[in-house]
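Examination of the molecular architecture
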Amino acid sequence: MDALIAKADAIRPVKRRRIGRDDHPRKSNAPAKASSSHDQTLTSVSLHTSLPKSLRPSSPPPEDVPKYSHIHNKKLRTQLTRESAQTARAKALLKDAELLLTDEVGMMEVEGEMEKTWRIGQDEVAKAAGEEAARGRKEWTLDGGPYRSRYTRNGRHLAIVGKKGHVATFDWQTGTMHAELQLRETCRDITFLHDHSHFAVAQQKYAFIYDRDGVELHRLKAHIEPTRMEFLPFHWLLATVGNSGYLKYQDTSTGQLVVEHRTKLGACNTMAQNVHNAVIHLGHQNGTVTLWTPNLPHPAVRLLAHLGPVVSVSVDPSAGGRYMATAGQDGTVKVWDCRNWKGAVRQWTARGGGGDLEWSQKGALAVATGGSVNVYTKPSIQTPFAATVAPPLYLTHPIPHRPLTSVRFCPYQDILTIGHSAGLSSILVPGSGEPNFDSMEADPFENRTARREREVKSLLDKIQPDMITLDPEFVGSLAPPPKLSTAVEGAHDIPFARLPRHERLRVSGKADETEEGDARAASGGEEGAPQTKEEKEKRKMRGKNKSLKRYLRKQRKNVVDPRAVAVRAKLEKQREERRKAKAIASGAEADRKPSALDRFKRAS
């Protein structure tokens, strides 16, 4: 200890030593005993230290980078070489990243034409699947049904709500219960907010927000009798619709009610969001489906989808929100192309009437009708087909507990959770989930520190509600020239409605400009020539009592008079002749000689 105290300055930078002719450069991986310093403290510290990444030499460039030796400009040659090296490194890293995507989408396949995938039951699927995947096959028997469920974005946590008031959130993989509530009133829907630490419940009269432990945080009095809820994760907006027929957006980061839209179509019990552009899809009792954005007071799209009430709407997340599926009380299921709305791409009749719909991450469509759940896969459900025939069935599972109130696919898992009157049932649907997750987007294995960092980052990257539109690609494109604007004092960004009355009349061709033109011509100066106050007062009443001016003042009406127009044209022609004569006299313009081709010139 005394030796360490005596050598308090032992941790110091190593002195540089010049290399002589007879010396050889020391290797970087030489053992610590070869060091010229015999300080044990310095030696022990140097063994466990390394240069920061910013000070380390960069990786060597790939071998197939062009040299650009034919370019004489040294700066340009260096820039091109650097860009080529970066491109080559990116290609090499892309190949390395493909090696990390070890999982693939596994679909059920049959050997012969006589065998069908829908004949395979859940017991056979669970036996053929791995031990980890087989854990997703579960049955929850509960008394507060019928139940609805909702997963978090990373697919790790599950929230359930019963119509009689039973609410629970838990980690379905480990079985860890977060919160369980008995609210003792009607509950219609539940959704997680930005993560599993907060969730919202649509209760009998208002919408409530709870934390992870089930403690009530907020009562949203503006959301009256909500029936369906959706959370927009990139905008931090909680959208609700209820029996009052109002669609309301609540900003969960600031607590403000952003906007509320009156649908004018009565109570609404169907709601879905397009993950691609954050547009809300609503299904109404008169058979119409409307698409809403916060910045429009009217629906962006209104579609007559069914002859009866719409009972379920879902949007395909695998195709960039291009396809929408709807189910009606008339017993039909329709798939729509959101790019043209010219008609249903495919439609078929579901047994047992309309039911709940849900698209998976890989484009599998689950339809819960009657007492069974049917799953259809691409590309059959997205291929145009005129006949009302059901597409080939991929998987089916009978459930005796009616009614079937909700179906939810678990993100990044091949699991489908069905809510019914006796609880919930989770079945295995091979190939329905995304096999490889992006840890920067949604990480099922994130810890508390990673969750906090992601929450802060998502708040910093929050998108404003005004950016929600049907076509999100408009961001970064050139704005079209304004149609209802004109130039006033060199500024072209003034809308037509905000122009002064005289400017609006001038733009519409109804303004009387003869007095101003005569005043400029009589003054003998240019339009932009400055005038003193005395000159303005002197010329203020000049020419006001001429007979022609009196006649024009009588004809100064909103009705276009041909005689007044002809007089104005004559005065404009005389004014132009005087201006041209003055310009020729001053030498600003050259006198144009008449030509033989002037006879073919149109009279202006």
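Residues numbered from 1 in each chain as written. Predicted model: local features only at pLDDT ≥ 70, side-chain atom pairs only at ≥ 80, totals over all residues. Heavy atoms only, no water.

**A few points about the nonpolar core**
Residues I160, W172, V373, V375, L416, I418 and V429 are the most contacted members of the largest nonpolar core, which totals 28 residues. Breaking this core down by element, the ones donating at least two residues are β2 (147-151), β3 (157-162), β4 (166-171), β23 (365-369), β24 (372-376), β26 (404-409), β27 (415-420) and β28 (423-428). When residues no more than four places from it in sequence are discounted, the contact partners of I418 are V373, I399, L404, S406, V407, G423, L424, S425 and I427. In this structure, Y249, M271, W292 and A305 belong to the second largest nonpolar core, which totals 27 residues. (Core = buried A, V, L, I, M, F, W, Y, C linked by side-chain atoms within 4.5 Å. Buried < 20%, exposed > 50% of the residue type's maximum accessible area, 1.4 Å probe, protein only. Helix = DSSP H or I, 4+ residues; strand = E, 2+ residues; numbered from the N terminus. Contact = heavy atoms within 4.5 Å.)

**Some remarks on the sheet that holds strand β22 (residues 356-359)**
In space, the four strands of this open sheet follow the order β22-β23-β24-β25, with antiparallel pairing throughout. Looking along the sheet, the strands with just one partner apiece sit at the ends: β22 and β25 (395-398). In this sheet, neighbouring strand axes are inclined to one another by 15 degrees on average, regardless of whether the strands run parallel or antiparallel. Summarising the sheet, β23 and β24 pair through five bridges and their orientation is antiparallel. (Pairing = 2+ DSSP bridges. Axes fitted to C-alpha atoms, helices over the stretch in contact; angles between N-to-C directions.)

**Describing the UniProt feature "repeat: WD" (unreviewed entry) in the chain**
Mapped onto the present numbering, the UniProt feature "repeat: WD" (unreviewed entry) falls at residues 303-337. Taken as a whole, residues 303-337 contains 0% helix and 57% strand, while its terminal C-alpha atoms sit 12 Å from one another. (UniProt positions renumbered as here; feature names shortened; annotations may be inferred.)

**A look at unusual backbone geometry**
Note that the residue after K378, namely P379, is joined by a cis bond; omega there is 0 degrees. Its place among the elements puts P379 in the loop between β24 and β25. Note the cis peptide between R402 and P403, where omega equals 0 degrees. Residue placement: P403 occurs in the loop between β25 and β26. Unlike most non-glycine residues, E225 shows phi in positive territory, near 50 degrees. With a relative accessible area of 34%, E225 lands in the partly exposed category.

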